[in-house]
Amino acid sequence: MVKVIGVKFKTSGRIYYFDPLDLDIKTDDGVIVETARGLEFGDVACAPKEVEESEIVAPLKPVLRIATDEDRRMRAQYAAKESEAFNICLEKIAAHGLDMKLVDVEYTFNGSKVVFYFTADERVDFRELVKDLAYALKTRIELRQIGVRDEAKMLGGIGPCGRLVCCKAFLDDFRPVSIKMAKEQNLSLSPTKISGLCGRLMCCLQYEQSTYEEIRGKMPKPGKEVNTVDGVGVVVENNAITERTKVRLSMEDGSIDVREYPYTHLSAPGEPLPEEAIAAKKAEGTKDKDPDAQFRKEAANNTRRGARTGARALSAKTDKPNEQKQDKPNAQKQDKPNAQQKPDQKKQNQKPKQAKDPQKSEQKKEPKQQKPDKPNEQKPKEQKNPADAVETGEQKQNSNRRRRSRRRKPNRAPNTEEQNN
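**Student:** Kindly report on empty space enclosed by the protein, identifying the contributing residues and their values.
**Tutor:** Enumeration over the complete set of coordinates arrives at 1 cavity of 30 Å³ or more. Looking at the largest cavity, its volume works out to about 60 Å³. If you trace the largest cavity, you find it lined by Leu171, Asp173, Phe174, Arg175, Val177, Cys203, Gln206 and Tyr207. In terms of residue class, the lining of the largest cavity is made up of 5 nonpolar, 1 polar and 2 charged.

**Student:** Can you lay out the pattern of salt bridges for me, pointing to particular residues and giving the numbers?
**Tutor:** Inspection of every chain in the model, using the stated rule, returns 14 salt bridges. Between Asp43 and Arg75 there is a salt bridge whose closest N-O contact spans 3.8 Å. With Asp43 in strand β4 (residues 38–51) and Arg75 in helix α1 (residues 69–80), this residue pair connects regions lying 32 residues apart in the sequence. The class for Asp43 is partly exposed, based on a relative accessible area of 29%. Here Lys218 ties to Glu214 by a salt bridge, and the two come within 3.8 Å at their closest N and O atoms. Here Glu214 and Lys218 lie together in helix α8 (residues 209–218), a separation of 4 residues that amounts to about one turn. Judged by relative accessible area, which is 53%, Lys218 ranks as exposed. Overlapping salt bridges bring together Asp230, Asp257, Arg259 and Lys281 as one network.

**Student:** Give me the lowdown on the environment of Lys224, citing residues and values where you can.
**Tutor:** Inspection of the secondary structure puts Lys224 in the loop between α8 and β9 (225–228). If we ignore the near neighbours within four places in the chain, the residues touching Lys224 are Gly233, Val234 and Val235.

**Student:** Let's hear about the sheet that holds strand β8 (residues 140–145): which residues, and what values?
**Tutor:** One open sheet accounts for 3 strands, arranged β6-β7-β8; its pairing is mixed. Looking along the sheet, the strands with just one partner apiece sit at the ends: β6 (101–107) and β8. The mean inter-strand angle of the sheet, taken between neighbouring strand axes irrespective of direction, is 20°. Along the sheet face, helix α2 (residues 82–96) touches β6 and β7 (113–119) and points at about 145° away from the line of β6.

**Student:** Describe the state of the cysteines, with residues and values.
**Tutor:** Tallying each qualifying case throughout the model produces 0 disulfides. Cys161 takes part in no disulfide bond, and the closest cysteine sulfur to it belongs to Cys166, at a distance of 6.2 Å. Cysteine Cys204 shares no disulfide, and the gap to the nearest cysteine sulfur, in Cys166, comes to 6.0 Å.

**Student:** Could you give an account of α2, with specific residues and numbers?
**Tutor:** End to end, α2 covers 21 Å across 15 residues, agreeing with the expected 21 Å (1.5 Å per residue, within 8%). Considered for burial, the residues of α2 that qualify are Ala85, Ile88, Cys89 and Ile93. Taken end-on, α2 shows its buried residues confined to a sector of 140°, consistent with a single buried face. Along α2, the residues that are exposed and aim more than 90 degrees away from the buried face are Glu84, Glu91, Ala94 and Ala95. Where α2 is buried, its residues touch β6, β7 and α3 (127–137). Immediately downstream of α2, the backbone of Gly97 shows phi near 65°, a positive value.

**Student:** Give a description of the side chain of Glu40 that names residues and reports values.
**Tutor:** Within the fold, Glu40 resides in strand β4. Owing to a relative accessible area of 6%, Glu40 belongs among the buried residues under this scheme. Other than its neighbours up to four places away in sequence, Glu40 contacts Phe9, Val31, Ile32, Val33, Thr35, Thr108 and Phe109.

**Student:** Tell me what's going on with the packing of α2 against α3, and back it up with residues and numbers.
**Tutor:** Relative orientation of the contacting elements α2 and α3 amounts to 145°, with a least axis distance of 10 Å. Taken as a pair, α2 and α3 cross one another with a handedness that is right-handed. Where α2 abuts α3, its residues Ala85, Ile88, Cys89, Lys92, Ile93 and His96 lie against Glu128, Leu129, Asp132, Leu133, Ala136 and Leu137. A breakdown of the residues in the contact of α2 with α3 according to their chemical character gives 8 nonpolar, 1 polar and 3 charged.

What counts as what
- Residues numbered from 1 in each chain as written.
- Predicted model: local features only at pLDDT ≥ 70, side-chain atom pairs only at ≥ 80, totals over all residues.
- Heavy atoms only, no water.
- 1 Å grid on protein atoms, 1.4 Å probe; cavity = no way out; pocket = protein on both sides within 12 Å on 5 of 7 lines; lining within 4 Å.
- Points joined across faces, edges and corners; volume = space filled by probe spheres on them.
- Nonpolar A, V, L, I, M, F, W, Y, C, P; charged D, E, K, R; others polar.
- Salt bridge = Lys/Arg side-chain N within 4 Å of Asp/Glu carboxyl O.
- Helix = DSSP H or I, 4+ residues; strand = E, 2+ residues; numbered from the N terminus.
- Buried < 20%, exposed > 50% of the residue type's maximum accessible area, 1.4 Å probe, protein only.
- Contact = heavy atoms within 4.5 Å.
- Pairing = 2+ DSSP bridges.
- Axes fitted to C-alpha atoms, helices over the stretch in contact; angles between N-to-C directions.
- Disulfide = S-S within 2.5 Å.
- Expected span 1.5 Å × (residues − 1).
- Arc of directions from axis to C-beta.
- Left-handed = near helix turned anticlockwise from the far one by under 90°.

Shown next, in the form of structure tokens:
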């Protein structure tokens, strides 16, 4: 066992181990250490602890000192120059016409070197670019080509889940991700749904892969025969999330049925069933003696609820008309008393007129009673059916002709009678 501390040089970078010596170092302290690039300022991510020698990359370098206020001021001073160096590099790239994308710029702790990170589809000859940058910045220049995943880690962003991408938040190193993981997890194979901001497969596919592999190793493989509480069947499909297995069974009546069971309730043919499966079968038998009992209960509850709501609706409807009926007649009687008196006065005025000439009224009624004896004087309007209300153009012409003929015939009838006399 070796005593070490963990140091980070970037917020999203990996942790490197160093020997703390006898220094009193705590978490979030700044330390000055020696690396392959020279002196670097790092933040302590892990307090001193003991680690096995197999986890350490030899040789283990010591911590030079704890960072002072002067070291922090120097670090901030060179960090402010990074934006200026970034703009200068963009101008030089455009001047040389290089097919490369500048991602980030980083100064070392004491300003002895400037590192430029870029991405490119192919290898780029940047020898002339390095000379121009060294002349402009008056320091050592290093250009480092990185991948699209490293670019996303440096720049950051919001992932499909709505949170900061994992590589920027907490991942210290990239792990291999394959399309096989998406298939085993029953995910959509559309590139837009399983790809991250970098355009590669999302790193979170790897998080649950070990659990899926463990559960699938315990579940029976599709196509094999298994023993269930309902008989022997063939495995059709496994669901690792619900931990249930679909089995195709041949029933006694010759039909085929597909049923779903927990994989722990299955056994190989010839082996006894687990006690859990037998107990679950007995519990289902006691509950579901009548398979339609639960359906009937739900139907009865629904009818009761419907009857209650219907009764409430009817009571609400019947209350409103009664109130209106009681209020409206009273309002009419109080507001319009003269409207009822006027028709009564008219009736009184009309009665004596009818009583004055009773003989004339009888004489007028007698010829009207003789008219039905004539065959030509029938009322066409009373014989019409409501279905014949809509007439075509030809029907209208025929009806007009009939009306004209009927009007002419009553005028000719008395002339014929006079001739006969």
